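Architecture at a glance
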Amino acid sequence: MLLPVNSKCECGHQNAVGTVLCEACGKPLEEQLMKSNEPLEMRYDGVARRSQKANPDFLDKIWNFFSSVKIAIYLIIITFLGAMLGTIFPQASTFISATFNPKVYYSEQYGLAGEIYYFLGLHNTYSSWWFITLLVMIGTSLVICSIDRVLPLYRALNKQQIRKHHAFLKRQKATYSGQVTDEPVQWTKQYGEALKKKGYKVHIDESGTALLAEKNRFSRWGPYINHIGLILFLLAVLARSIPDWNVDTYVSITDGDTVPIVGTNYYVKSDGFSMELYDNDELPIELKDSGRVKTFKTDVVLYECAANCGDDFLQPELQEVKQHTILVNDPLRYKELKLHQFDFNLTPRINAVSPMIINKETGESYGPFHLTMVDPELYYEVGPYSMELIDKYMDFSINSEGEPITLSSSPNAPAFIFNIKGPNLAEDGEMFMYFPLEKDKVRFSQDTINRELANKLEIKVDGMENVDFSAATTYLNVRIDKAVKFLWIGAFFSMLGLIMGTYWQHRRIWLRIDDNQLTLGAHTNKNWFGLRADAAYALKRCGIELDPKSLDNGGHKG
Amino acid sequence: MNWLDFSSSSFIAAFFLYVFAFIFYMVAVAGKKWGKRDAKQHEARWSKIAFITSSLGLLAHLSFFFTRWIGSGQIPTSNMYEFITLLGMTIMIAYTIIHFIYKKPLLGMFALPLTIIIIAYASVFPQEVQPLIPALQSNWLKIHVTMAALGEAFFAVGFAAGLMYLLRVIDYNDHTKKGKRAQRWLEFTLISIFIVIGFIVAAFGFKGAGYVAQFQQETVDVSQVGELTTSYDVVEYTMPPIFKPYNSEALQVTEFLGMTDGLFETPSWFNGVNSGRKLNTVVWSIIVGLILYGIIRLIIRKPLGAAIHPKLEGIDPDDLDEISYRAIVIGFPIFTLGALIFAMIWAEIAWGRFWGWDPKEVWALITWLYYSAYLHFRLSRGWHGRPSAWLAVIGFVIVLFTLVGVNLLIAGMHSYAGVD
Amino acid sequence: MGKNRKKVQIIVLLFAFVIGGYAIFQTFTNDTPGTIKEGQAVPDFRLANLQGEPISLQDYNGSPLVINFWGTFCEPCIREMPSFERQYEEWKDKGVEVVAINLSEDTLTVSNYVKKLGVTYTILRDVDRKTEKKYGLRSYPTTFFVNPNGTLSSVFVGEMKESQIHEHIEKIVGG
């Protein structure tokens, strides 16, 4: 376009190229627009917008793409349709076992449909490249849509002229023309007062016969604040992938143990897990005896390592920093660390026994002596006996070759082999195998193993008070999330903007009286019903009674 | 005074008051042409009576809610029965608010049956108070669930207004392809509502008759490492078994119309112990719903939409369009705050993560994205009126899927207790 | 904004490209958190040997190193130890070091077993499962082959045949 375009309005104001309605008086500028009688498109008050400029270059084309509301809607639709796909079968992320094999699982459990699901990568829908791409595009669209619109809007609303062109007023979506018999300046003032009662800010020009009443301009900024909030929210979500910004691991602690939280300087001790079920009289009929849980909690102590922390050779020095009872809805919080109650296991674990040695020939018993499952003492003097611990197994069993082995490092079936010296025993001592747990004693025929020695002596625990065991193991979820506070800030602004923009509407009413001819036009971004009611109310107070609907000029929608 | 008994009585009172309000709305519309009445006056008078009745119903419903709270010591929002009755109550609250803004009584003619159907649906589920499991023992239960229900209630009112708009605007004299297609989709929507009614009728009917059937099902399950394990489960049916569970044997079947065993077997690719029973229930709902619809169709001798259409002639369709939009606009921030933001805060506290892509969470997000698309659509001209009304109708289907469909069809952390 | 329009467009689109690119790139790096990637430096440790003396990773700087995690309760771990012993004999003149870190078991259990097996390479004792967690172990046995500069050459999960051990050691010696 080499010819210069005349953009100076008849009111004298020079408008930027591309302006639809004169920035000063509102007169429609484009040829086509001037001739038609259609209600005016009042977006951004008709101000020129960057993305509407002629001759877009490559950068402009990308910008226009992301600035388009239509594209944004398509992105939203594709995103939620994609999200639906992820709910057809359970996502792979719901299986936290280390041995989970997705390929096998989906095809075995769901057949062909499962195989296809796995093949398309849908078992990881929400972390797939295409889903993230959609979110990135929505984020970009949020930024560009907003920048493109908020500045022209601000410019348009910041400097508004009071006396508008007749064409502007008559072609608003709510309009009224009529005669006014009273004195115009007086009438205008009265109209302004009526609207002031409805909360409008009223401006009257020097002539006294033109008026602009405006209410709730702030609500126009609502959508932009909302978008800023959403952008911050998305950025916070992304920030969690920064190393160390998001820790999500589990620790399992058996009652009484202190375990390190790997990757941090913290240690946590479980002072005991406990679970309470509802009594039958607290439950309705169909739930009786169902074992419904009432509470489960873990009493923990949190320690911070003060010295020897990176070193596993030396014992770390621990300082207690916090004590807490962790409930499902009440995690432990310390600085940026959180420990949540995740799961539990009621399998007891034996820690130590304090048995007596009984001389079966004399009937006397000696002891008790303290025998721990983990790292026990190697020498014991109990009465006339002296015992040397030769070997031990945590989880005793016999393998296919008949050799003794241990199945695990947990004391599920502890076994101890002592070399015992004492009364009526060989000089060099005799081997005695001891199973602290009765079930193992029977299972492995302890007496048969010990042969004649079993007739001479017995090692026995006297009563449950001499058994030290942990009743339960608690599983805690360890969480450090440095990005989550930004997430809440983003959510807050999003809500704030949403509330500002939806529960209030920006309303403007212009009027001018020329001789005795009143021309009135009104505009709002939503809720024309309410706007018409306001305009009609003020007219009524000035002596013109009419049905608000009659002000409608194509603005009845929305 | 036994609070829980009083609560149950209040509920029944609310139900009947809603039914009467609905009848009064019908009288207001249908009776306009009776005898020598002044149509406008008649409509205004009966609408007022209907509104007062529905408000009394709402008071009774609120009393049900609060007395149940006092009687059980916990807010009644923790299982399916309680949540869906809450939804019915919030729909009436949303309706009452919209009524005060717009004063269009005929909206009540659709909002009330919607509420009635919803609380009747709720009544199918176990009603006893169930003490809270640890995950629900939090103040957030009070805030998250009630706000989400309120937001969804406004979407429901938007649905009702949108449906009314379509009934008002779709021209049954239009025999073009486009016109016929619109009529058919509208009729399909109405039939779907009948299927929900069919479910309620079938559930209450068979339960009332004490129908019972039991099957033992053998299932082979796959563990996370690919190991196969076999298990045996007993599945109980409360409706005659058109579809018995896959790979099952009848233990006990009450006879119905000559049926003493399952007619068909649920296909093997249906997953879960209860999938056979659910399929059976759905099939029964469809059958009973279609029978009910068929009876009505025989009586009125034309499509249901065509019969309702003339009754709505007195309403300005643009008002309906406006009401539908406004309801959704009012509900959207409430839904955002209650169903998403408070949900995320609570999830962070209870489970350590604010979002886990749990099916319920995902569908709440889908609902949110859908209505957000709806609101952006309204920014363009040409998307008012019919397209907008259809979107409002479909939107509520998505809401219902989030509330009910996810629990029924998909497992997850969010499954409500007492879901059958 | 007019004249600065182009600048703003470029800045915004650039940001979107970079941040968005980073986000999408993340979806392709799908390794489980905590695993050590090849070429990365292996985590540090300082553990006691059977004589109670401290040995740390630094002590092996400059030598090709084989780190084998084992426990007496792990049958495949026990089965493969003779193979590791033989390979240690074969390669020790070339400077290859072998270290077997026991999975936090008792002193008595470990020393008895080692006596039985008669291995000559260094046995270290992990404490509280800390080292195995640092190394991101998910199952046993797991063996790490470390370059002389302390970076990971390869990791093998499961029981190893002698020929496989040989292959992996070749890579850290060849270098």
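Here the structure is a predicted model, which is why all the values come from computation and not from measurement.

Definitions and limits used
Residues numbered from 1 in each chain as written. Chains lettered and ligands numbered in written order. Predicted model: local features only at pLDDT ≥ 70, side-chain atom pairs only at ≥ 80, totals over all residues. Helix = DSSP H or I, 4+ residues; strand = E, 2+ residues; numbered from the N terminus. Rg over C-alpha atoms; globule rule 2.2 N^0.38 Å. Contact = placed C-beta atoms within 7 Å. Axes fitted to C-alpha atoms, helices over the stretch in contact; angles between N-to-C directions. Parallel < 35°, antiparallel > 145°, perpendicular 65-115°, else oblique. Left-handed = near helix turned anticlockwise from the far one by under 90°. Nonpolar A, V, L, I, M, F, W, Y, C, P; charged D, E, K, R; others polar. Pairing = 2+ DSSP bridges. Bend = angle between axes of the 7 residues up to and from the residue. Domains from an automatic or database assignment. Core = buried A, V, L, I, M, F, W, Y, C linked by C-beta atoms within 7 Å. Buried ≥ 20, exposed ≤ 12 C-beta atoms within 10 Å, placed from the backbone.

Counting its regular elements, chain B contains 11 helices and five strands. For 420 residues, the compact-globule formula gives about 22 Å, and the C-alpha radius of gyration of chain B, at 23 Å, lands near that figure. Overall size of chain B, expressed as C-alpha extent along the three principal axes, is 70 × 55 × 55 Å.

Along its length, chain C carries five helices and seven strands. Its helices and strands taken in sequence order, chain C reads α-β-β-β-α-β-α-β-α-β-β-α from the N to the C terminus. Its C-alpha atoms put chain C at 85 × 35 × 30 Å along the principal axes. At a minimum sequence separation of 6, the contacts of chain C that also span at least 24 residues come to 69%.

On to the interface of chain A and chain C, then. Reports often express the size of an interface as the amount of accessible area lost when the parts come together. Contacts between chain A and chain C engage 36 residues on the former and 37 residues on the latter. Breaking the side of chain A that touches chain C down by element, the ones donating at least two residues are helix 2 (58-67), helix 5 (129-158), strand 5 (258-260) and strand 16 (385-393) of chain A.

A few words on the packing of helix 7 (residues 184-197) of chain A against helix 13 (residues 528-541) of chain A. Residue and element names in this part refer to chain A. Remark: helix 7 packs on helix 13, axes separated minimally by 9 Å, with the N-to-C direction vectors making an angle of 130 degrees. Looking at the two axes, helix 7 sits oblique to helix 13. Crossing handedness for the pair helix 7 and helix 13: right-handed. For the pair helix 7 and helix 13, the contacting residues are Gln190, Tyr191, Ala194 and Leu195 in the first and Asp534, Tyr537, Ala538 and Arg541 in the second. Of the residues belonging to the contact of helix 7 with helix 13, the class tally is five nonpolar, one polar and two charged.

Moving on: the sheet that holds strand 11 (residues 349-353) of chain A. All names here are of chain A. Pairing is antiparallel in the open sheet, where three strands are placed in the order 14-11-22. The strands lining the two open edges of the sheet, one partner per strand, are strand 14 (371-372) and strand 22 (467-470). In the sheet, strand 11 pairs with strand 14 via two bridges, with the strands oriented antiparallel. What sits directly across from Val353, in strand 14, is Leu371.

Attention now moves to helix 11 (residues 386-409) of chain B. Most pronounced at B:Phe401, the bend in helix 11 of chain B amounts to some 45 degrees. Looking at the buried residues of helix 11 of chain B, the elements they touch are helix 5 (140-169), helix 6 (177-208), helix 9 (317-351) and helix 10 (359-377) of chain B.

Moving on to the domain arrangement of chain C. For chain C, the domain assignment lists domain 1 (1-30) and domain 2 (46-174). The C-alpha centroid of domain 2 of chain C is placed 47 Å from the C-alpha centroid of domain 1 of chain C.

We now examine the interface of chain B and chain A. Tallying the contact residues gives 48 residues for chain B and 54 residues for chain A. Elements with a contribution of two residues or more to the side of chain B that touches chain A: helix 9 and helix 10 of chain B. Sorting elements by how many residues they give to the side of chain B that touches chain A places helix 9 of chain B first, with 14 residues. Each residue belonging to the side of chain B that touches chain A can be placed in one class, and the counts come to 31 nonpolar, 11 polar and six charged.

Moving on: the arrangement of the chains. Of all two pairs of chains sharing an interface, the pair with the highest contact count is chains A and B. There is a gap between chain B and chain C: no contact, and a shortest C-alpha distance of 14 Å.

The next thing to look at is the environment of C:Gly118. Here C:Gly118 shows up in the loop between helix 3 (107-117) and strand 5 (122-125). With 56 residues separating them along the chain, C:Gly118 and C:Gly62 place their C-alpha atoms 27 Å apart.

Here the focus is the pairing of strand 5 of chain C. Residues and elements named next belong to chain C. In terms of strand pairing, strand 1 (residues 46-49) meets strand 5 through two bridges, oriented antiparallel. The residue bridging Asn49 from the neighbouring strand is Leu124, located in strand 5. Where strand 4 (residues 97-102) and strand 5 come together, four bridges link them in parallel fashion. Looking at strand 5, one finds that Ile101 is bridged to Leu124.

The next point concerns the nonpolar core. Nonpolar side chains tend toward joint burial in soluble globular proteins. Formed by 142 residues in total, the largest nonpolar core has its most connected members in B:Ile91, B:Ala94, B:Ala156, B:Val157, B:Ala160 and B:Ile328. When near neighbours in sequence (up to four residues on either side) are disregarded, B:Ala160 contacts B:Leu107, B:Phe110, B:Ala111 and B:Leu114. Counting residues in hydrophobic clusters, the runner-up holds 56 residues, among them A:Leu371, C:Phe73, C:Phe84 and C:Ile172.

This brings us to unusual backbone geometry. Note that the residue after A:Gly367, namely A:Pro368, is joined by a cis bond; omega there is 5 degrees. Residue placement: A:Pro368 occurs in the loop between strand 13 (365-366) and strand 14. At the junction of C:Tyr140 and C:Pro141, the peptide bond is cis and its omega measures out at -5 degrees in the coordinates. Among the secondary structure elements, C:Pro141 is positioned in the loop between helix 4 (130-134) and strand 6 (142-146).

With that settled, consider the packing of helix 1 (residues 3-30) of chain B against helix 2 (residues 39-72) of chain B. All names here are of chain B. For the pair helix 1 and helix 2, interaxial distance at closest approach is 7 Å and the crossing angle is 165 degrees. In terms of orientation, helix 1 lies roughly antiparallel with respect to helix 2. Note that helix 1 runs across helix 2; the crossing there is left-handed. Grouping the constituent residues of the contact of helix 1 with helix 2 by class yields 22 nonpolar, 11 polar and two charged.

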